[in-house]
Amino acid sequence: MPGIVSMFFFKGMYGFVSPEGEPDKSMFFHASDFHRLNPGEPLPIVGELVDIVPESPLSAKPRAIEVRRQLLPEKTLGVVVSYNPDKGWGFVEHGRNMKAFLHASEVRGWIPYPGARVSFYLGNKNGKPRACWVQFGEPHVR
């Protein structure tokens, strides 16, 4: 069945996916349930469309036992335009004055700073663009 990745936590290597059109029916999944079907690809991206196989409907806690990516997302290049380390969020500009939300959970091993050139996957959370799996140091193309 088609679904949407609603959350993914890199630290714990797990996330939640909802059947398309049913955001209130969230199901847990582990990164291994994703990597088994998408070997060598980037981890799940918030807002990404996937195909899911739920565990038995009799389970006490809903779980997706298979999560298959529908389409490999493209990496996007951008520049950090703002970041507040105390709050842990800011924005990345990509394309022509388009901005995506940047959260501390999407960067690992460095603190974003305005002007930093980055690459990331463009996700979507609550209908708003979100920078996912942000990497520092990629060349910026204008």
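Structure report, in brief. Worth saying up front: this structure is predicted, and the values here are computed from it rather than measured.

**Topic: the overall build of the protein chain**
Right, on to step 1. For the protein chain, the helix and strand inventory stands at one helix and 10 strands.
Right, on to step 2. Across the protein chain, helices and strands are ordered from the amino to the carboxyl terminus as β-β-β-α-β-β-β-β-β-β-β.
Right, on to step 3. Taken over the C-alpha trace, the protein chain has a radius of gyration of 16 Å; the compact-globule value for 142 residues is 14 Å, and the two agree within 12%.
Right, on to step 4. Projecting the C-alpha coordinates of the protein chain onto the three principal axes gives extents of approximately 50 × 30 × 25 Å.
Right, on to step 5. In the protein chain, which comprises 142 residues, the share counted as buried stands at 37%.
Right, on to step 6. In the protein chain, 50% of the contacts between residues at least 6 apart in sequence involve partners at least 24 apart.
Right, on to step 7. Carbon and sulfur atoms form 57% of the exposed surface of the protein chain, whose accessible area is close to 8300 Å².

**Some remarks on a nonpolar patch on the surface**
Right, on to step 1. A surface patch of nonpolar side chains, about 230 Å² in accessible area, is lined by V81, W89 and F91.
Right, on to step 2. Tracing the sequence through the fold places W89 in strand 7 (residues 89–94).

**Brief notes about the sheet that holds strand 2 (residues 14–19)**
Right, on to step 1. The strand order across the open sheet formed by five strands is 3-2-1-4-5, and the pairing between neighbours is antiparallel. What marks the edges here is a single partner per strand, and that holds for strand 3 (27–30) and strand 5 (64–69). Across the sheet, the mean angle from the axis of one strand to that of its neighbour is 45°, orientation sign disregarded.

**Quick look at the layout of surface pockets**
Right, on to step 1. The space that makes up the largest pocket amounts to roughly 240 Å³.
Right, on to step 2. What lines the largest pocket is a set of 18 residues, among which I4, V5, S6, S18 and P23 lie closest to the centre.
Right, on to step 3. Where the lining of the largest pocket is concerned, the elements lending two or more residues are strand 1 (2–9), strand 2 and strand 9 (117–125).
Right, on to step 4. The biggest single contributor to the lining of the largest pocket is strand 1, with four residues.
Right, on to step 5. Of the residues in the lining of the largest pocket, the class split is seven nonpolar, eight polar and three charged.

**Quick look at the pairing of strand 9**
Right, on to step 1. As judged from the five bridges shared by strand 6 (residues 75–84) and strand 9, these two strands associate in the antiparallel manner. Counted as the bridge partner of K75 is Y121 from strand 9.
Right, on to step 2. Joining the antiparallel neighbours strand 9 and strand 10 (residues 128–136) is a turn of two residues, in which N126 adopts a positive phi near 55°.

**Things to note about the side chain of H94**
Right, on to step 1. Within the secondary structure, H94 is located in strand 7.
Right, on to step 2. Other than its neighbours up to four places away in sequence, H94 contacts T76, L77, G78, K99, A100, F120 and L122.

Conventions adopted
- Residues numbered from 1 in each chain as written.
- Predicted model: local features only at pLDDT ≥ 70, side-chain atom pairs only at ≥ 80, totals over all residues.
- Heavy atoms only, no water.
- Helix = DSSP H or I, 4+ residues; strand = E, 2+ residues; numbered from the N terminus.
- Rg over C-alpha atoms; globule rule 2.2 N^0.38 Å.
- Buried < 20%, exposed > 50% of the residue type's maximum accessible area, 1.4 Å probe, protein only.
- Contact = heavy atoms within 4.5 Å.
- Areas by Shrake-Rupley, 256 points an atom, 1.4 Å probe, with all protein chains shown as cover.
- Patch = residues over 30% accessible without salt bridge, like charges linked within 9 Å, V, L, I, M, F, W, Y side chains within 5 Å.
- Salt bridge = Lys/Arg side-chain N within 4 Å of Asp/Glu carboxyl O.
- Pairing = 2+ DSSP bridges.
- Axes fitted to C-alpha atoms, helices over the stretch in contact; angles between N-to-C directions.
- 1 Å grid on protein atoms, 1.4 Å probe; cavity = no way out; pocket = protein on both sides within 12 Å on 5 of 7 lines; lining within 4 Å.
- Points joined across faces, edges and corners; volume = space filled by probe spheres on them.
- Nonpolar A, V, L, I, M, F, W, Y, C, P; charged D, E, K, R; others polar.

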